[in-house]
Amino acid sequence: VGGVILEYVLDLFSQRAFEIISLLIAAAALVYAALAFKAAKHAIQATKDSDLSALRVKMQEGIAEAERALIRLHDACKETRLLWENRHDRHMPVLGNRLGFGTETDHIRELEYTGTKLLEDLAAAAPKAATSNADEIEAFIVRAQSASVRIERLKFRLDTPNSGWR
């Protein structure tokens, strides 16, 4: 009886060997595909995180460039103010009390204020690093570049004594 059952099982296994091996290969392929999918998912997330990090760095660079533009504006304003003071001292030494001097340099103060305000508005509009997405950061980078250029252009509105007086 025991030999007949064993012979029956071996006969059944030999008839279905190809199907059983095929099932084992298919199961192994499914496990491998699941692992590959999981690895791909992790790679995509790592790429997204890396891209966001690069955008955040670029965002910080944009803010820093706007700050440097404001420093250059302040330097240009300081130089222009000194030109006005030297002109006033050369042409009106008798007055000495600087009557009327403030109106010649009012525009300098206004330009400095405008530049500072542009930078403050830019800093206030900066997206929060933890909650921002790529689109928000990219839009902010464009805004930072625009603010930087606008601050730089303020220097061209400085009125020096040579250009205003003949």
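Per the secondary structure count, the protein includes four helices and zero strands. In the protein, the order of α-helices and β-strands from amino to carboxyl end is α-α-α-α. Taken along the three principal axes of its C-alpha coordinates, the protein extends 135 × 25 × 15 Å. Taken over 166 residues, the protein has a buried fraction of 24%. Sequence-distant contacts, at least 24 apart, represent 76% of the contacts inside the protein between residues at least 6 apart. Here the protein contributes 22 positively and 23 negatively charged side chains, and the mean placements of these two sets differ by 6 Å.

What follows deals with a nonpolar patch on the surface. Taken together, the side chains of Val1, Ile5, Tyr8, Val9 and Leu12 define a hydrophobic patch exposed on the protein surface, amounting to about 550 Å² of accessible area. Looking at the element boundaries, Val1 is found in the segment before helix 1 (2–91).

Counted under the stated rule, the structure contains eight salt bridges. Of the charged contacts, one joins Arg16 and Glu19 as a salt bridge, the two residues approaching to 3.4 Å between their closest N and O atoms. Taken together, the residues Arg16 and Glu19, both in helix 1 and three residues apart, mark about one turn of the helix. The salt bridge involving Arg109 is made with Asp106; its shortest N-O contact spans 2.5 Å. With Arg109 and Asp106 both in helix 2 (residues 101–125), this residue pair falls three residues apart, about one helical turn. In this structure Asp106 comes out as partly exposed when scored by relative accessible area, which is 27%.

Analysis parameters
Residues numbered from 1 in each chain as written. Predicted model: local features only at pLDDT ≥ 70, side-chain atom pairs only at ≥ 80, totals over all residues. Heavy atoms only, no water. Helix = DSSP H or I, 4+ residues; strand = E, 2+ residues; numbered from the N terminus. Buried < 20%, exposed > 50% of the residue type's maximum accessible area, 1.4 Å probe, protein only. Contact = heavy atoms within 4.5 Å. Lys, Arg positive; Asp, Glu negative; His and termini not counted. Charge placed at Lys NZ, Arg CZ, Asp CG, Glu CD. Patch = residues over 30% accessible without salt bridge, like charges linked within 9 Å, V, L, I, M, F, W, Y side chains within 5 Å. Areas by Shrake-Rupley, 256 points an atom, 1.4 Å probe, with all protein chains shown as cover. Salt bridge = Lys/Arg side-chain N within 4 Å of Asp/Glu carboxyl O.

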